[in-house]
Amino acid sequence: MSSSPYCTTSNFNYQVEMLNYDPGQGLDKNAKLSMDAAKTGAMALWSLAKSTKNRDVIRKAGAIPFLAKLMKTGQVDVVIPTVGILQECASEPEFRSAIYSAGLLENFVQGLQSSNDELVQFCAKAIYKCAEDNFARKAVYDLKGIDPLLEIIQNSNLRQNKCLVAAATGAIWKCSSAIFKTKKYVDKGIIELLVSMLHGETEEILINVSGTIEEMVKADISYAGTVKKCSGIPYLIKLLTIENQELLVNTTKAIGALARDTESRLEMERLDGFRLIWSLLKYPSSSVQASAAWAICPYVKSSRASSEMVRNYVGGLEVLVQLLMSSGEVQAAVCEAVAAIASNPENLAIMSDHNVVQYLTQIALSQHVNGNDLLKSCLAKAIRECCVWGQNSKEFGQRQAVSPICSYLSSKDSDVVREAAKALCALSRDPQNCITIHQCGRGVVRRLIRHTGSRDEELREAAAGIMSNIRTLALTTEKIRFYQSKN
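Residues numbered from 1 in each chain as written. Predicted model: local features only at pLDDT ≥ 70, side-chain atom pairs only at ≥ 80, totals over all residues. Heavy atoms only, no water.

Draft legend 1. Geometry of the overall build of the protein. The secondary structure content of the protein amounts to 32 helices and zero strands. C-alpha extents for the protein along the principal axes are approximately 110 × 50 × 40 Å. Considering the protein as a whole, with its 487 residues, one finds that 54% of them fall into the buried category. In the protein, of all internal contacts separated by at least 6 residues, the share reaching a separation of at least 24 is 71%. Accessible surface, the protein: about 22400 Å² in total, of which carbon and sulfur atoms supply 49%. If the 55 positive side-chain charges of the protein are averaged to one point and the 50 negative ones to another, these points end up 6 Å apart. (Helix = DSSP H or I, 4+ residues; strand = E, 2+ residues; numbered from the N terminus. Buried < 20%, exposed > 50% of the residue type's maximum accessible area, 1.4 Å probe, protein only. Contact = heavy atoms within 4.5 Å. Areas by Shrake-Rupley, 256 points an atom, 1.4 Å probe, with all protein chains shown as cover. Lys, Arg positive; Asp, Glu negative; His and termini not counted. Charge placed at Lys NZ, Arg CZ, Asp CG, Glu CD.)

Okay, structure coming up:
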């Protein structure tokens, strides 16, 4: 955090009042003094806005309407510190909402057309900070803000200004979901341009470009072929060796997205990219570990050779299983990776020897899983896949993992409910687990009966499977009792 001083709302009132300039005042002496005061106030608030604590105070002091007026002055030396304040404060959700409401996104897009590079840079940075949701991304796209951003990175002279290029690529990255919904910019060579920027640039630019490539391939897997054709995969693999946490996160995500494409995945194998991704599970950063685990999933699911390759990494499966005891961010990704790897019996046997059942159960019984639908869904998926081996299903029951999974059936998240039902279907193959499911209360059974009529085929089949296993156990028990009574 910045060392800027923290002030109360009352202390900010004077600086905020200095911003009260009306663009319609004219050009007389008083208007000039008012403009100078606004500039001075904006410069002061820009410095103060570098402190997280001060940003909310600036908003509560009523600065937004004054800042909106200053954006319309057309005076570059006033607009620059004004955008500076806004792009600093846009990190805060409430401030972003106020920026949207004031219609300032349009001013930022207009600022991209300025001949002043510094103003363009701060406007691009403001768009980068604001484009945190689909509403803002679509707004920037609809306001035709993408073209001037691309013009920056296409201009060889402007490319020398690394701060400007970093701001532009950051805005492009955040707006990627809107950009790549159509092929408009793809046909103009945006993929080739981005791939050319995967080397010889600053780390901040590399972070933004690799992030854009991930979003691009997620939007349309066919774009992976163009990335490969432009030699983008070797560049991305090389980025995995740079000690920069944000860059490693974005690069692993990009590689994970590309791994869904067969030709791209084969080139990654040839370049030993999968081994480098796996090695990042040991990196001392939870965000890097999580992104590496997520990247492993599509590779394992898509490659026939991955099962044997996984076993060739000495201690690799043990490292993966032990990461189940990390933070929630890592746990969800690792649960997903465990589920993917467990589809191979030999790998599942090795993970079982490394106590995967115990660790998955500990997550199910922990408190921090509450409210984390992604973790619940991934955990249920991992438990389902691990039930296939040996006595794992029985061990899950003995370790009290069944009841927590039953509670997931009441979730409002359809993915959680589906995965929970599929996990319970696998668990219910053990007779004692059937009893536990039945004893979890009438609510569970009623939900299962209701889900047998679901439009979701997977949920419907899983619920029917559980009820079938419960009925089979009940009939078997009745038969035993009948024969015992006769004897």
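Right, picking up where we left off after that structure.
Draft legend 2. Molecular detail of the packing of helix α14 (residues 203-219) against helix α17 (residues 245-258). Their axes nearest at 8 Å, the elements α14 and α17 cross at an angle of 25 degrees. Of the possible angle classes, the one that applies to α14 and α17 is roughly parallel. Crossing hand, α14 versus α17: left-handed. Taking contact as the criterion, the partners of L206, I207, S210, G211, I213, E214, V217 and K218 in α14 are, on α17, E246, L247, N250, T251, K253, A254, A257 and L258. Considered class by class, the residues forming the contact of α14 with α17 number eight nonpolar, four polar and four charged. (Axes fitted to C-alpha atoms, helices over the stretch in contact; angles between N-to-C directions. Parallel < 35°, antiparallel > 145°, perpendicular 65-115°, else oblique. Left-handed = near helix turned anticlockwise from the far one by under 90°. Nonpolar A, V, L, I, M, F, W, Y, C, P; charged D, E, K, R; others polar.)

Draft legend 3. Seen up close, helix α10 (residues 146-154). Along α10, the residues classified as buried are I146, P148, L149, L150, I152 and I153. In the core, the buried residues of α10 are packed alongside α8 (117-130), α9 (134-142), α11 (162-174), α12 (176-179) and α13 (190-196).

Draft legend 4. Inspection of the nonpolar core at higher detail. Core analysis: the largest hydrophobic core is formed by 176 residues, its most contacted members being F108, W278, M351 and L360. At 10 residues, the largest contribution of residues to this core is made by helix α23 (residues 328-341). In contact with M351, not counting residues within four places along its chain, are L317, L320, V321, V338, I341, A342 and V356. (Core = buried A, V, L, I, M, F, W, Y, C linked by side-chain atoms within 4.5 Å.)

Draft legend 5. Summary view of the packing of aromatic side chains. Applying the stated rule across the entire model yields seven aromatic pairs. Note on Y128 and W173: the rings are 6.4 Å apart at their centroids and 40 degrees apart in plane angle, and the pair reads as tilted. With Y128 in helix α8 and W173 in helix α11, the pair connects residues that are 45 residues apart, well separated along the chain. Between Y141 and Y185 the ring centres are 6.3 Å apart and the planes differ by 85 degrees, which places this aromatic pair in the edge-to-face class. Pair noted here: Y141 is in helix α9 and Y185 is in the loop between α12 and α13, with a separation of 44 residues, a long-range link. Among the aromatic residues, those joined into a cluster by ring pairs are F274, W278 and Y299. Directly above the ring of Y128 sits K174, whose terminal nitrogen or CZ lies 4.3 Å from the centroid. (Phe/Tyr/Trp six-rings, centres within 6.5 Å; stacked < 30°, edge-to-face > 60°. Lys NZ or Arg CZ within 6 Å of the ring centre and 35° of its normal.)

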